[in-house]
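Analysis of the macromolecular model
The chain contents come next:
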Number of protein chains: 2
Amino acid sequence: MGSRSYGQYCGVTTAVELVGERWALLIVRDLLVGPRRYTDLKQGLPKIPTNILSARLKELQEGGVVRRIPLKSCGLVYDLTEYGRELEPIVVALGRWGFQAMGEPGIDDVVTADSLTIALRTAFQRDAAAALPPADYEVHVGDVALRVQVDGGELRIAQLAPPAPPVGGRMPDGVPELVFAAGPGIRRLISGELTPFAAIDDGVLQVLRGDETLLERFAATFHIEAGAAAPAAAA
Amino acid sequence: MGSRSYGQYCGVTTAVELVGERWALLIVRDLLVGPRRYTDLKQGLPKIPTNILSARLKELQEGGVVRRIPLKSCGLVYDLTEYGRELEPIVVALGRWGFQAMGEPGIDDVVTADSLTIALRTAFQRDAAAALPPADYEVHVGDVALRVQVDGGELRIAQLAPPAPPVGGRMPDGVPELVFAAGPGIRRLISGELTPFAAIDDGVLQVLRGDETLLERFAATFHIEAGAAAPAAAA
DNA sequence: CCGGATCCGAATCGATACTG
DNA sequence: CAGTATCGATTCGGATCCGG
């Protein structure tokens, strides 16, 4: 009964009926990084109730956004359909928009591997990167570790354990030129609020290995301009 | 407490906390067309409960997306902030994405002036239009009437009565070269599923005045490719 | 452990009525 | 015109439980 339809014949309306329910776009965000098992999604979305996760996955499948793939080696993954994958620029743009309104982290906010991966894609400055020499970073935020490789306009991000190597993921060889660790305060480096030097000085960030001047290159490569009006950062 | 937070420190998460609630993005969609009064919004969103509309407006203001402007001539409008206006490319992209999943209209789906305005912006092919001569259309869909002017890569859309001339809107002068009327089936013209000729033939569209060959130009100017996989059109 | 299904109280939504 | 108030219908959130 409860006709949940918005009652309009319109593309935007159709879109929000497909991916506008609570949690749906965050599931899509994580699947943009790669195929994920039910349990991976649950871990990447620590606060999602399991019934909601399974309901969303069902709806997203019915909407043609997500598909369920039985794995040869026993198991099961969810993946975006080709149609679902077309959401990538939209999710990235939303992330860029929302980034500007991020305040300080809530007391029990977490940074997950997938969300950080998308955040880096969001902040990636292709043109700036193309003009810079290739670089190879290892970034730690909380207990998430990412291998971030930039070569020309290309960006490659791999998630280091934990969690276990993602399905279909390929571990990069070689040694990163720069290894550093940060907390959520890394946001202030990406926003330009803090220079790399100031970030180290404030204890927001520590260089674990490598030449710390590479941080300048990192900051030039990953940046989100505080566009128009920096809103007062909602609660 | 029922902390409605998603518990993640992430731009995408922040964005959906700001505009991810039910109805919120549709309010933004309508405000992208121009400032609107409470009652305008209610008419443009016929199925929104009034308490939800006022709740969303309040939340959007707190989030720095919408602002409330007392009108000199007695009255009150809601408008997007500069930050809110940055959602335009995102809403347009979502509309383009959702367009591909639109099936046939539900029995009591409506097409509103604002949603059609955004739909045309969504479908606008700047490059194609720039290569074509200027054009001046009047489009009727249901009881919505739009004046659509294309000049080079520029698109201007004005809403003809009803409803009354929008606040701050300016009525175009002159006479449109082509006036036509359609139903929701206009979607099939924009998707390329129907040629202009076939659309007339099927009764999807009637030319009321002007040279019907201009419909070719209209179809070339407003088009949405059925990109990757045309999903099976959700219920 | 993986992939959910079930149950229940709390919060939100939807519809309508009403008010300054 | 611009909202509140109210109340039943849904949905969400949290926890537990179940079959492989």
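Before reading on, note that the structure itself is shown above.
In this report, we go over the structure that sits alongside the text.

Rules used in this analysis
Residues numbered from 1 in each chain as written. Chains lettered and ligands numbered in written order. Predicted model: local features only at pLDDT ≥ 70, side-chain atom pairs only at ≥ 80, totals over all residues. Heavy atoms only, no water. Helix = DSSP H or I, 4+ residues; strand = E, 2+ residues; numbered from the N terminus. Rg over C-alpha atoms; globule rule 2.2 N^0.38 Å. Buried < 20%, exposed > 50% of the residue type's maximum accessible area, 1.4 Å probe, protein only. Contact = heavy atoms within 4.5 Å. Areas by Shrake-Rupley, 256 points an atom, 1.4 Å probe, with all protein chains shown as cover. Lys, Arg positive; Asp, Glu negative; His and termini not counted. Charge placed at Lys NZ, Arg CZ, Asp CG, Glu CD. Core = buried A, V, L, I, M, F, W, Y, C linked by side-chain atoms within 4.5 Å. Near = heavy atom within 4 Å. Polar contact = N/O pair within 3.5 Å; in protein donor to acceptor, adjacent residues only side chain to side chain. Pairing = 2+ DSSP bridges. Axes fitted to C-alpha atoms, helices over the stretch in contact; angles between N-to-C directions. Salt bridge = Lys/Arg side-chain N within 4 Å of Asp/Glu carboxyl O. Nonpolar A, V, L, I, M, F, W, Y, C, P; charged D, E, K, R; others polar.

Helix and strand counts for chain A come out as 11 helices and 7 strands. Computed over C-alpha atoms, the radius of gyration of chain A comes to 19 Å, within 12% of the 18 Å expected from 2.2 N^0.38 for 235 residues, which places it in the range of a compact globule. In terms of principal-axis extent, the alpha carbons of chain A reach across some 60 × 50 × 35 Å. When each of the 235 residues of chain A is scored for burial, the buried share is 49%. When contacts within chain A are restricted to residue pairs at least 6 apart in sequence, those whose partners lie at least 24 apart make up 62%. About 10800 Å² of surface is accessible on chain A, with carbon and sulfur atoms providing 54% of the total. Separation between the mean location of the 23 positive side-chain charges and that of the 29 negative ones in chain A comes to 8 Å.

Within the largest apolar cluster, 66 residues are counted, with the highest numbers of intra-cluster contacts made by Val65, Leu87 and Trp97 of chain A together with Val65, Leu87 and Trp97 of chain B. Setting aside its immediate chain neighbours within four residues, Trp97 of chain A contacts Ala15, Leu18, Val19, Val65, Tyr83, Glu86, Leu87 and Ile90 of chain B.

Around DNA strand D sit 23 residues in total, of which Arg22 and Arg56 of chain A together with Thr50, Arg68 and Tyr78 of chain B are the nearest. Each atom of DNA strand D within 4 Å of the protein belongs either to a base or to sugar and phosphate, the latter forming 67%. Side-chain polar atom of Arg56 of chain A to a phosphate oxygen of DNA strand D: 2.5 Å apart, as the coordinates give it. Interatomic distance of 2.6 Å between a side-chain N/O atom of Thr50 of chain B and a base oxygen of DNA strand D.

Residue and element names in this part refer to chain B. Read across the sheet, 5 strands follow the order S5-S4-S3-S6-S7 without closing on themselves; strand pairing throughout is mixed. Bordering the open sheet on either side are strand S5 (154–160) and strand S7 (205–210), each of which pairs with just one other strand. With direction set aside, neighbouring strand axes in the sheet form an average angle of 20°. Pairing of strand S4 (residues 144–151) with S5 involves 7 bridges; the strand directions are antiparallel.

Moving on to the pairing of strand S1 (residues 66–70) of chain A. Residue and element names in this part refer to chain A. In terms of strand pairing, S1 meets strand S2 (residues 76–80) through 5 bridges, oriented antiparallel. By the bridge assignment, Pro70 is partnered in S2 with Leu76. The loop that links S1 with its antiparallel partner S2 comprises 5 residues; one of these, Cys74, has a positive phi angle of about 55°.

Another point: the interface of chain A and chain B. On the side of chain B, 61 residues touch chain A, which itself brings 61 residues to the contact. Connecting chain A to chain B are 1 salt bridge. Of the charged contacts, one joins Glu21 of chain A and Arg22 of chain B as a salt bridge, the two residues approaching to 4.0 Å between their closest N and O atoms. At the surface where chain A touches chain B, the tally comes to 21 residue pairs in polar contact (both at pLDDT 80 or more). Within the residue set of the side of chain A that touches chain B, elements represented by two or more residues are helix H1 (11–19), helix H2 (24–33), helix H5 (82–85), helix H6 (88–99) and helix H7 (113–123) of chain A. The class makeup of the residues in the side of chain A that touches chain B is 33 nonpolar, 17 polar and 11 charged.

Residue and element names in this part refer to chain B. Inspection of the entire model under this criterion finds 27 salt bridges over all chains. Between Asp40 and Arg37 there is a salt bridge, and its shortest N-O distance comes to 3.7 Å. Where Arg187 meets Glu193, a salt bridge forms, and the shortest distance between an N and an O atom there is 3.2 Å. Using a relative accessible area of 10% as the deciding quantity, one classes Arg187 as buried.

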